[in-house]
Amino acid sequence: MLMPSKVKHRKVFRGKRRGIATRGNTLEFGDYGLQVLENCWITARQIEAGRVAINRHIKRNGKMWIRVFPFKPVTSKPVEVRMGKGKGDPEFWVDVLKRGRIIYELEGVDESTAKQAMKLAQRKFAVRTRFVKRDK
């Protein structure tokens, strides 16, 4: 499971999810990519599930880059606990994505294979995404 090895603060504020991505919104490494079209939180489990789906489809051919990492801890209190007594413990890790951000990149496979692999990865997220390719 993806998670940082060390963080400065164990619990963080929830923050705002608005605006567009100014960094990480273009293809830098591969020829094909998966781009987010809405602002969202993406969990470490979703990132891993998408990675596994892509790798299974491309059968370990080509090269894949994961352009996101879950740095933000999400806390929750146990079930049936009274109000108060502070904030809950970290339960899982997320990355805050703004629209336009690239999640995965692929190279070394043909376009139809890349498109199908990204379609399989799209189903792992509860957010709209699109397939993008590099202009040659």
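Look a little higher up for the structure.
Every value quoted in this text rests on a predicted model; they were computed, and no experiment measured them.

1. Notes on the packing of aromatic side chains
(1) Moving on: Applying the stated criterion across every chain yields a total of four aromatic pairs.
(2) Moving on: One cation-aromatic arrangement involves Arg 17 over Trp 41; the distance from NZ or CZ to the ring centre is 4.8 Å.

2. Section: the sheet that holds strand S4 (residues 72–76)
(1) Moving on: The antiparallel open sheet is built from three strands, whose spatial order is S2-S5-S4. The sheet is open, and its two borders are formed by strand S2 (40–43) and S4, each paired with just one other strand. The mean angle between the axes of side-by-side strands here comes to 50°, regardless of whether they run parallel or antiparallel.
(2) Moving on: Across five bridges, the pairing between S4 and strand S5 (residues 89–97) is antiparallel. Paired with Thr 75 across the two strands is Pro 90, which belongs to S5.
(3) Moving on: With respect to the sheet, helix H1 (residues 44–58) is in contact with S2 and S5, its orientation differing from that of S2 by roughly 65°.

3. Looking at the pattern of salt bridges
(1) Moving on: Throughout the structure, instances matching the rule amount to six salt bridges.
(2) Moving on: Residue Asp 89 is joined to Arg 10 by a salt bridge in which the shortest nitrogen-to-oxygen separation is 3.8 Å. Taken together, the residues Asp 89 in strand S5 and Arg 10 in the segment before strand S1 (32–36) connect sequence positions 79 residues apart.
(3) Moving on: Classification of Asp 89 by relative accessible area gives partly exposed; the value is 46%.
(4) Moving on: A salt bridge links Asp 31 to Arg 134, with the shortest nitrogen-to-oxygen separation between them at 3.7 Å. With Asp 31 in the segment before S1 and Arg 134 in the segment after strand S7 (129–133), the pair connects residues that are 103 residues apart, well separated along the chain.
(5) Moving on: Under the relative-accessibility criterion, Arg 134 is labelled partly exposed at 31%.

4. Quick word on a positive patch on the surface
(1) Moving on: Residues Lys 11, Arg 14, Arg 17, Lys 77, Arg 82, Lys 85 and Lys 87 make up a contiguous surface patch of positive charge.
(2) Moving on: Residue Lys 77 is classed as partly exposed on the basis of its relative accessible area of 35%.

5. Focus on the side chain of Asn 55
(1) Moving on: Turning to its location among the elements, Asn 55 is positioned in helix H1.
(2) Moving on: Apart from the residues lying within four places of it in its own chain, the contact partners of Asn 55 are Arg 60 and Met 64.

6. Description of the environment of Pro 70
(1) Moving on: Structurally, Pro 70 can be placed in the loop between strand S3 (63–66) and S4.
(2) Moving on: For the pair formed by Pro 70 and Lys 136, sequence separation is 66 residues and the distance between their alpha carbons is 32 Å.
(3) Moving on: Leave out the neighbours within four places in its chain, and Pro 70 touches Leu 2, Met 3, Pro 4, Ala 44, Ile 47, Trp 93, Val 94 and Asp 95.

7. Thoughts on the nonpolar core
(1) Moving on: Ranked by internal contacts, the top residues of the largest apolar core, which has 21 residues, are Ile 54, Leu 97, Ile 103, Tyr 104, Leu 106 and Phe 125.
(2) Moving on: When residues of this core are traced back to their parent elements, those giving at least two are S1, S2, H1, strand S6 (102–107) and helix H2 (111–122).
(3) Moving on: Ranked by residues supplied to this core, first place goes to H2 with four residues.

The rules behind these values
Residues numbered from 1 in each chain as written. Predicted model: local features only at pLDDT ≥ 70, side-chain atom pairs only at ≥ 80, totals over all residues. Heavy atoms only, no water. Phe/Tyr/Trp six-rings, centres within 6.5 Å; stacked < 30°, edge-to-face > 60°. Lys NZ or Arg CZ within 6 Å of the ring centre and 35° of its normal. Pairing = 2+ DSSP bridges. Helix = DSSP H or I, 4+ residues; strand = E, 2+ residues; numbered from the N terminus. Axes fitted to C-alpha atoms, helices over the stretch in contact; angles between N-to-C directions. Contact = heavy atoms within 4.5 Å. Salt bridge = Lys/Arg side-chain N within 4 Å of Asp/Glu carboxyl O. Buried < 20%, exposed > 50% of the residue type's maximum accessible area, 1.4 Å probe, protein only. Patch = residues over 30% accessible without salt bridge, like charges linked within 9 Å, V, L, I, M, F, W, Y side chains within 5 Å. Areas by Shrake-Rupley, 256 points an atom, 1.4 Å probe, with all protein chains shown as cover. Lys, Arg positive; Asp, Glu negative; His and termini not counted. Charge placed at Lys NZ, Arg CZ, Asp CG, Glu CD. Core = buried A, V, L, I, M, F, W, Y, C linked by side-chain atoms within 4.5 Å.

Treat this as a map of the structure, not an account of what it does.
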